[in-house]
Amino acid sequence: MKQVLLIATLALITLSANSQILSTKDNAAIDAKVDQFLKLMEKKDYTKVLDFMYPPIFEHTSKKDMFQIFEMLEQSGIELKLKNTEVLSKQGLKTVKDTKYALIKYRLELDLPLNTDELRGYAPLLVPVLQSNFGKENVTYNKSQNLINAKGEKFLMAINDPKYSDWLFLIYDSSMRTAIEKTIPAEVNSQAAALAR
C-alpha cells in the first residue's frame, strides 16, 4: 500500500513539475479569448469561431470540411443549442520553441430539440452518439418534450505562437486526435492527454 501511495505521489509531483504556471497577463488574455470563443459557439457563429482556431490545424482538417459538418446539421434540421458554458480550469503546459500552450477545461450544456417526425425517428441514433461523447449518465431524452439534453466537461487547447498575434484554440478531443497529433509537439500533446483524462 505504501508503494502505491509513493508511486501516485511521485506521479503527481512529476506531472506538476512539467506544468507551467500561467502569468497573470496570459491568464487574463486566455480568459478574454475563451469567453469570446464560447459565446460565438453559443450563437452558432461558426465563421468567427473558426477565426479563433489555430491556423496550422487547417492543414490537416480544412475549414471547408468543418463548414460541411455545420451545413449537414442545418440541412438535416438538427439545431444544436449550446448553453451554460463556463470555464472550470486552466493549466499551463510546456513551452516549445517560444510557443506557449495551455489546457482549458470547460463545462457546457447542449439541447437538441426534435421538432419534426423525421428528427424524432433519429432519436435512437442520436442518443447513443451523444452518450459516447458526453457519457451515458450525462444525456437525457425527454420524449414528452421531444428534447435531448447533454451536459459535460470538455477541453480546449490554447496556443500562443509568435507567428500569430494572440492566443488561439484547438478543440481538444478524440474527434480531432489525428489533426492534433500532426499539429502539436508530442511532449505537449502527451502532457495535455494526461490532464484531460
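Described below are features of the structure shown in this document.

Here is what the cut-offs are and how they apply
- Residues numbered from 1 in each chain as written.
- Predicted model: local features only at pLDDT ≥ 70, side-chain atom pairs only at ≥ 80, totals over all residues.
- Heavy atoms only, no water.
- Helix = DSSP H or I, 4+ residues; strand = E, 2+ residues; numbered from the N terminus.
- Buried < 20%, exposed > 50% of the residue type's maximum accessible area, 1.4 Å probe, protein only.
- Areas by Shrake-Rupley, 256 points an atom, 1.4 Å probe, with all protein chains shown as cover.
- 1 Å grid on protein atoms, 1.4 Å probe; cavity = no way out; pocket = protein on both sides within 12 Å on 5 of 7 lines; lining within 4 Å.
- Points joined across faces, edges and corners; volume = space filled by probe spheres on them.
- Phe/Tyr/Trp six-rings, centres within 6.5 Å; stacked < 30°, edge-to-face > 60°.
- Lys NZ or Arg CZ within 6 Å of the ring centre and 35° of its normal.

### Examining the overall build of the protein chain
Line of reasoning, step 1. Helix and strand counts for the protein chain come out as 7 helices and 5 strands.
Line of reasoning, step 2. When burial is assessed residue by residue, the protein chain has 38% of its 197 residues classed as buried.
Line of reasoning, step 3. Entry remark: accessible area of the protein chain is about 11900 Å², with carbon and sulfur atoms responsible for 53%.

### Some remarks on the layout of surface pockets
Line of reasoning, step 1. Here the second largest pocket defines a volume of roughly 340 Å³.
Line of reasoning, step 2. For the second largest pocket, the lining is made up of 13 residues, of which Phe155, Tyr172, Asp173, Ser174 and Ala196 are closest to its centre.
Line of reasoning, step 3. Elements represented by at least two residues in the lining of the second largest pocket include exactly β4 (147-160), α6 (177-183) and α7 (186-195).

### Here we look at the packing of aromatic side chains
Line of reasoning, step 1. Throughout the structure, instances matching the rule amount to 3 aromatic pairs.
Line of reasoning, step 2. Relative to Phe52, the ring of Phe37 has its centre 6.2 Å away and its plane inclined at 50 degrees; by these criteria the two rings are tilted. One end of the pair, Phe37, is in helix α2 (residues 24-43); the other, Phe52, is in the loop between α3 (46-51) and α4 (63-75), and 15 residues separate them in sequence. In terms of burial, Phe37 and Phe52 fall into one category: buried.
Line of reasoning, step 3. Ring centres of Tyr54 and Tyr164 lie 5.8 Å apart, and the angle between their planes is 80 degrees; on these two criteria the pair is classed as edge-to-face. With a gap of 110 residues between them, Tyr54 in the loop between α3 and α4 and Tyr164 in the loop between β4 and β5 (168-171) connect regions that are remote in the sequence.
Line of reasoning, step 4. Put simply, the rings of Phe37, Phe52 and Phe169 touch in pairs and so form one group of aromatic residues.
Line of reasoning, step 5. Above the face of the Phe52 ring, Lys33 is positioned so that its terminal group lies 4.3 Å from the ring centre.

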